[in-house]
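Remarks on the overall topology
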Amino acid sequence: HPHTGPRDASSSPSGMEKEDASEPDPVRYSVSLTESALAIQKISSSPGRTKVVFNLTDCIGCRAYRGRDSTDIGAYFSAYFYPFKRRWMSSGVARQRVEQCFRVALVQDPVANLQEAERWAHAIRDASVQQIPRRDGVVYTEVRRPCRVMVLVNPHSGRGQALQLFTGHVQGMLTEAAVPYTLVITEHQNHARELVRKADLSQWDALVIMSGDGLLFEVINGLMEREDWEEAIQTPLGILPGGSGNALAASIHNYSQ
Ligand SMILES: Nc1ncnc2c1ncn2[C@@H]1O[C@H](COP(=O)(O)OP(=O)(O)OP(=O)(O)O)[C@@H](O)[C@H]1O
């Protein structure tokens, strides 16, 4: 069982999806899940460094699914990682998306294979949410899971690119992380302020602002104008740089490095 520790090739070889499942001899990998990592090792007779280890601190989610081809008895699970990687033509590092997809075909029964894939997805998700990196001197509040998020986007900020940035970069991540969200596109100045002032905050575990400093300023003012402001201002806020200057997002990012 994935909860109990590493698995080996003899108990559960999982072929990667990128290998053609219809091929007579697909490449097989042994996959092990520990408390902190997912290790993938090619099962091959030739010795060498074939092991790849993904840290669960970098994992945002994992999901199981059936293949598109109805004759395929295998099931699949995909884990989504964002490890730090060197940037192309740059000396710095940045988080970059890596999807690891596995095909599970332990038995001929597609339902049993899907159940197995779901167990893996569940175990990887569970282990990943335990991996909150801690730093001394910083007070952390854990966000409940599943976390219901209101995302506020100012479509005019950042020379009108905030919404495109959201659909191009953020939406997919939220889906992969299985975070249910409601998207609010602001229609006028003070829209977010009024919305937040009147909102039933028990509906939301976090408010995420995708804009420049201006929209965050509105949200904070909206929270502080409430009668229950002392509690309201405790609402976890996220800031995604969507504006032109993004001074606050940049400085928070800088200090959290
Ligand atoms: N739909 C909208 N139409 C017009 N103004 C809006 C709308 N939504 C929000 N605003 C206002 O636009 C102002 C500027 O937004 P914001 O600071 O988020 O973006 P920016 O100016 O592009 O970014 P930066 O502050 O990084 O330069 C905010 O004060 C906000 O109140």
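Going by the annotation in an unreviewed UniProt entry, the name recorded for the protein chain is sphingosine kinase, with Myripristis murdjan given as the source organism. One UniProt comment on the protein chain, placed under Subcellular location (unreviewed entry), says "Endomembrane system".

Every one of the 20 residues lining the ligand counts as a neighbour, but Ser157, Ser211, Gly212, Gly214 and Gly243 are closest to it. Secondary structure elements with two or more residues in the shell around the ligand: α2 (157-160) and α5 (213-224). Considered class by class, the residues forming the shell around the ligand number 2 nonpolar, 15 polar and 3 charged.

Read from one edge to the other, the open sheet built from 4 strands follows the order β11-β10-β12-β13, with strand pairing classed as parallel. Each having just a single partner strand, β11 (181-185) and β13 (237-241) make up the two edges of the open sheet. In this sheet, adjacent strand axes meet at a mean angle of 20 degrees when their direction is disregarded. The pairing of strand β12 (residues 206-211) with β13 spans 5 bridges and is classified as parallel. Considered in β13, the bridge of Leu207 is made with Leu237.

In the predicted model, the protein chain carries a mean pLDDT of 85, and 84% of its residues have values of at least 70. Within the protein chain, the element-level pLDDT minimum falls on strand β1 (residues 13-16), averaging 40, and the maximum on helix α4 (residues 191-198), averaging 98. Long-range and interchain partners of residues 1-21, a stretch whose pLDDT sits below 50, account for 50 contacts in this model, where long-range means more than four residues apart. Per the prediction output, this complex has pTM 0.81; the corresponding ipTM is 0.93.

On to the pairing of β12. Among the 6 residues of β12, 5 are classified as buried, and the element is accordingly described as predominantly covered. Where strand β10 (residues 149-153) meets β12, 5 bridges bridge the pair, whose relative direction is parallel. Each residue of the ladder has a partner; that of Leu152, found in β12, is Ile209.

For any two helices packed against each other, one specifies the crossing angle of their axes together with the interaxial distance. Relative orientation of the contacting elements α4 and α5 amounts to 30 degrees, with a least axis distance of 7 Å. For the element pair α4 / α5, the angle class is roughly parallel. Along this stretch, α4 crosses α5, giving a crossing that reads as right-handed. From α4, Ala192, Arg193, Glu194, Leu195, Val196 and Arg197 reach across to α5, where they touch Leu215, Glu218, Val219, Asn221, Gly222 and Leu223.

What counts and how
Numbers given for residues are sequential positions, taken from 1 along each chain in its written order. In keeping with the predicted nature of the model, local features appear solely for residues at pLDDT of at least 70, side-chain atom pairs appear and are counted solely at 80 or more, and the whole-chain, interface and lining totals rest on all residues. UniProt positions are given in the numbering used here, feature names are shortened, and annotations may be inferred rather than shown by experiment. Residue proximity rests on one test: whether the C-beta atom, placed from the backbone, lies within 6 Å of the molecule or strand. Helix and strand assignments follow DSSP, with helices taken as H or I runs no shorter than four residues and strands as E runs no shorter than two, numbered in order from the N terminus. Each residue is assigned to one class: nonpolar for Ala, Val, Leu, Ile, Met, Phe, Trp, Tyr, Cys and Pro, charged for Asp, Glu, Lys and Arg, and polar for all the others, Gly among them. Pairing between strands is defined by DSSP: at least two bridges between the two strands are required. Axes, fitted as lines to C-alpha atoms, cover a helix only where it is in contact. Angles between the N-to-C directions of the axes lie from 0 to 180 degrees. pLDDT is a per-residue confidence score from the predictor, ranging from 0 to 100. Two residues qualify as being in contact provided that their C-beta atoms, derived from the backbone, are within 7 Å of each other. Residues with at least 20 neighbouring C-beta atoms inside 10 Å of their own are called buried, those with 12 or fewer are called exposed, and the rest are partly exposed, where every C-beta is derived from the backbone. In these notes the angle categories are as follows: under 35 degrees is roughly parallel, over 145 is roughly antiparallel, 65 to 115 is roughly perpendicular, and the rest is oblique. Take the far helix as the reference: if the near one is turned anticlockwise from it by less than a right angle, the crossing is left-handed, and if turned clockwise, right-handed.

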